[in-house]
Structure formats: structure tokens, C-alpha cells
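Take a look at the letters that make up each chain.
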Amino acid sequence: DFTGKVVVEPEVPTESAEIITSGDNIINFLLVGQDHRPGEIRARSDAMLLVTVNKSAKTLTMTSFLRDTWVKIPGYFNERLNVPYVLGGFPLLNETLEYTFGVSADHNVEVDFEGFQKAIELVGGVDVELTAAEASHLNGQNYEWSLKEGVNHLDGEQALAYTRIRYLDNDFGRTSRQRTVLTALINEAKTLSVTELVNLAYGLMPMVSTDMTDGEIISRVMELAPILPELKIVSQYIPAEGAYSFAWIDEKSVIYLNSSNLEKNIQILKDTIGAE
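Definitions and cut-offs
Residue positions within a chain follow its written sequence, with the count starting from 1. A pLDDT threshold of at least 70 governs which residues receive local features in this predicted model, and a stricter bar of 80 or more applies before side-chain atom pairs are shown or counted, although totals over entire chains, interfaces and linings include all residues. Just so you know, side-chain values use all the structure's heavy atoms and leave hydrogens and water out. Only DSSP runs of H or I covering at least 4 residues are called helices, and only runs of E covering at least 2 are called strands; the numbering of each starts at the N terminus. A simple rule labels every residue: compare its accessible area, found with a 1.4 Å probe on the protein chains alone, to the largest value its type can have, and call it buried under 20%, exposed over 50%, or partly exposed in between. In what follows, residue pairs with any heavy atoms lying within 4.5 Å of each other are defined as contacts. Note on areas: Shrake-Rupley with a 1.4 Å probe; residue coverage comes only from the protein chains shown. Just to be clear on terms, a salt bridge is a Lys or Arg side-chain nitrogen sitting within 4 Å of an Asp or Glu carboxyl oxygen. Here the aromatic set is Phe, Tyr and Trp, taking the six-membered ring for Trp, and pairing holds for ring centres within 6.5 Å; pairs whose planes are under 30 degrees apart are stacked, those over 60 apart are edge-to-face, and all others are tilted. This arc describes the spread of directions from the helix axis toward the C-beta atoms. Only residues whose relative accessible area exceeds 30% and that form no salt bridge are eligible for patches; like-charged ones are grouped when within 9 Å, while nonpolar side chains (Val, Leu, Ile, Met, Phe, Trp, Tyr) are grouped when within 5 Å. Strands were regarded as paired on the criterion that DSSP finds at least two bridges between them. Each axis is a line fitted through C-alpha atoms, and for a helix only the stretch in contact is used; angles between axes span 0 to 180 degrees, taken between their N-to-C directions.

Q: Quick question: what am I supposed to make of the overall build of the protein here?
A: From N to C terminus, the protein includes eight helices and twelve strands. If you line up the protein on its principal axes, its C-alpha atoms span 50 × 45 × 40 Å. Each of the 276 residues in the protein was classed as buried or not, and the buried ones make up 51%. Considering only contacts in the protein between residues 6 or more positions apart, those separated by 24 or more positions represent 67%. Of the roughly 13200 Å² of accessible surface on the protein, a fraction of 50% belongs to carbon and sulfur atoms.

Q: Hey, could you run me through the pattern of salt bridges in this one?
A: Pairing between side chains of opposite charge can happen when the charged atoms of each approach one another. According to the stated counting rule, one finds eight salt bridges in the structure shown. For Glu-114, the salt bridge is made with Lys-118, and the minimal N-O distance between the two is 3.1 Å. Of this pair, Glu-114 and Lys-118 are both found in helix α2 (residues 113-122), four residues apart, which corresponds to roughly one turn of the helix. Asp-171 serves as the salt-bridge partner of Arg-174, at 2.8 Å between the closest nitrogen and oxygen. With a gap of three residues between them, Arg-174 and Asp-171 both fall in helix α5 (residues 171-190), about one helical turn apart. Put simply, Lys-55, Arg-220 and Glu-223 are held in one network by salt bridges that share partners.

Q: What am I meant to see in the environment of Gly-242 here?
A: Positionally, Gly-242 belongs in the loop between β10 (232-238) and β11 (245-249). In the structure, Gly-242 is positioned 98 residues away from Glu-144 in sequence and 41 Å away in space, judged by C-alpha atoms.

Q: I'm lost on the side chain of Ser-64 in this one. Help?
A: Structurally, Ser-64 can be placed in strand β3 (residues 59-65). With sequence-adjacent residues up to four places away left out, Ser-64 is seen in contact with Met-48, Leu-49, Thr-175, Arg-179, Gln-236, Tyr-237 and Ile-238.

Q: What exactly am I supposed to notice about the packing of aromatic side chains here?
A: To describe a pair of aromatic rings, one takes the distance between the centres and the angle between the planes. Under the counting rule described, the total for this entry stands at seven aromatic pairs. Their ring planes at 80° and their centres at 5.1 Å tell us that Tyr-85 and Phe-90 sit as a pair that is edge-to-face. Each member of the pair, Tyr-85 together with Phe-90, is buried. By the ring-pair criterion, three or more aromatic residues cluster together here, those being Phe-172, Tyr-237, Tyr-244 and Phe-246.

Q: Please clarify how the environment of Met-207 should be interpreted in this entry.
A: Locating Met-207 in the fold gives a position in the loop between α6 (194-204) and β9 (208-210). Note: C-alpha distance between Met-207 and Phe-116 (91 residues apart in sequence) is 7.8 Å. With near-sequence residues (within four places) excluded, Met-207 lies in contact with Gly-115, Lys-118, Ala-119 and Leu-122.

Q: Help me out: how do you make sense of α6 in this one?
A: For the α-helix, the turn length of 3.6 residues means that residues three or four positions removed from each other point alike. For α6, the complete set of buried residues consists of Leu-197, Val-198, Leu-200 and Ala-201. One face of α6 carries all of its buried residues, which in axial projection span an arc of 160°. Those residues of α6 hidden inside the fold are in contact with α2, α5 and α7 (214-224).

Q: What is the right way to look at a nonpolar patch on the surface in this model?
A: A surface patch of nonpolar side chains, amounting to about 340 Å² of accessible area, comprises Tyr-76, Phe-77, Val-86 and Leu-87. Counting through the fold element by element, Val-86 comes out in helix α1 (residues 84-101). Overall, Val-86 belongs to the partly exposed group, its relative accessible area being 32%.

Q: Help me understand the sheet that holds β10 in this model?
A: Strand pairing within a sheet occurs via backbone hydrogen bonds; the two strands may be parallel or antiparallel. In space, the six strands of this open sheet follow the order β9-β6-β1-β2-β3-β10, with mixed pairing throughout. Two strands bound the open sheet, and with one partner strand each, they are β9 and β10. The sheet shows a mean angle of 20° between the axes of neighbouring strands, direction not considered. Note that β3 and β10 share seven bridges and pair parallel.

This is how it looks when you write it as C-alpha cells:
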């Protein structure tokens, strides 16, 4: 936690990291989840998740980037990682992730909370295992729910509420829940035929903002559909366990990476999603 208020003189990279995620067999999708408020074009990125498909290794790796990580925002200043998106959208967020970690997205997708909920509804809900504390917390949010410890079939509203739980633990737990729901969503998609996957893609198109055209989305679906059932799903977060510290910078509680810990995280990314 941040109770220690360890004050540090921030150390950030002075040059951009080497790009590690480019390769013929690798496709990277950067997913950003956010909560628009009335009058806002975009808000701070509530969730930042890089989905990496390695077609040769048959892996789908979900990497959550923790929003409180202290980074250099190229052309601006040093701040938390959830700030670049509100300043400059996907271009600046991508530039910041490339500069700090050397990861580069091929495609960008923004989903707001309403779109996320509808996406879950399109596949008929998802199976998620809840702890007793999570079930109790969710039932307290909606007294019509009777969720229990163990596996529950969550509808869109319940799945969204699950991913937004903030008070039981911390952002590490929250991003883990986001990856849990996305894993369940992908597992549902694995059971669909190519035709059903295409129909699902068409259903999702109005619910997301992306730099992909409709044609590119369908092309990617057709490309990945044959290997989707074989893909091994891997889940991780960055900064990784044992490769960060908590600190107090500019009167803000943040996740801090000194040069040694930054190198550790980049090496983890090279090992898990780097080009072969």
C-alpha cells in the first residue's frame, strides 16, 4: 500500500526503449476502458490492457499496465500512466508505452462501460469464480442479486460491477478481475463457429471506438478464428511482482520504477510477448 509515504527523487528513462513486440507472427491489440462523464471527449484510462496474440506459439497474452505507474510522458512531463490518454488519446498513450516499455500496439480499441456490458450480453454472459468477499460486495450493490462464493454465471451488469470492485483490495486485484472477465469472454468465443464469430464482431462494432476499419476487423477475425480454440491464455500485469516499489512523488502515491526495476519489467515483457 501507499501508507509509508516514501518520498523519492523520480528517475525516468532519458531515451526510448527498444521496440520488442514487432514480428510477423505477433499481433498486439491495446484495449482501453474508461468511464465517460457528460461533456467529456475522453477520460483518464481506467484500464489499459495489451492483448498479444502469438500465432506461432499459439498464445494469447493479456498484460495489464497499472494506471498508477510513474512514467515519462514524451513531449509533456512525468505523471501516472493513466494520464497520457486524456492528454493525447491513443497516439500519446502508445508513445508513452513504447518509450517506457518498448511495447507497440498494432490496433487500438476503446470500450466504455456501457459497451463492455453489452459485449458480455452478446455472448450470453460469462462464468466467473467469485470469492465470498466479492459475492457479498456485489450483492450489496444490488439487493436483487444472489451471487455466491464459487462459479457464477454473470450477466453484463454483474460482470461490469465485478471488474469495477475497488474497495476489497487494490488496483492489482481490480486488473486481475478485468483479465478474469476477458478470459471468460474469450473462452465463450472459442466455442463459436467462424460465422458466429463474424456476427459477434459485427455486433460489437457499434460499441467500440477503434482505429480499425470494419473490413480490417473482419479480416482479423477470419485470420485468428482457425487458431482461436488452440490459443493458450496467459495473464500478467506490469509492473510485475517484485519489480516495483511504492512511492510518494509530487504529493501523489504512485507505483515507482527505478532503472533496475524498469529493466526487470522490460525483460519480463521480452520473455512473454517479445518477438521471436
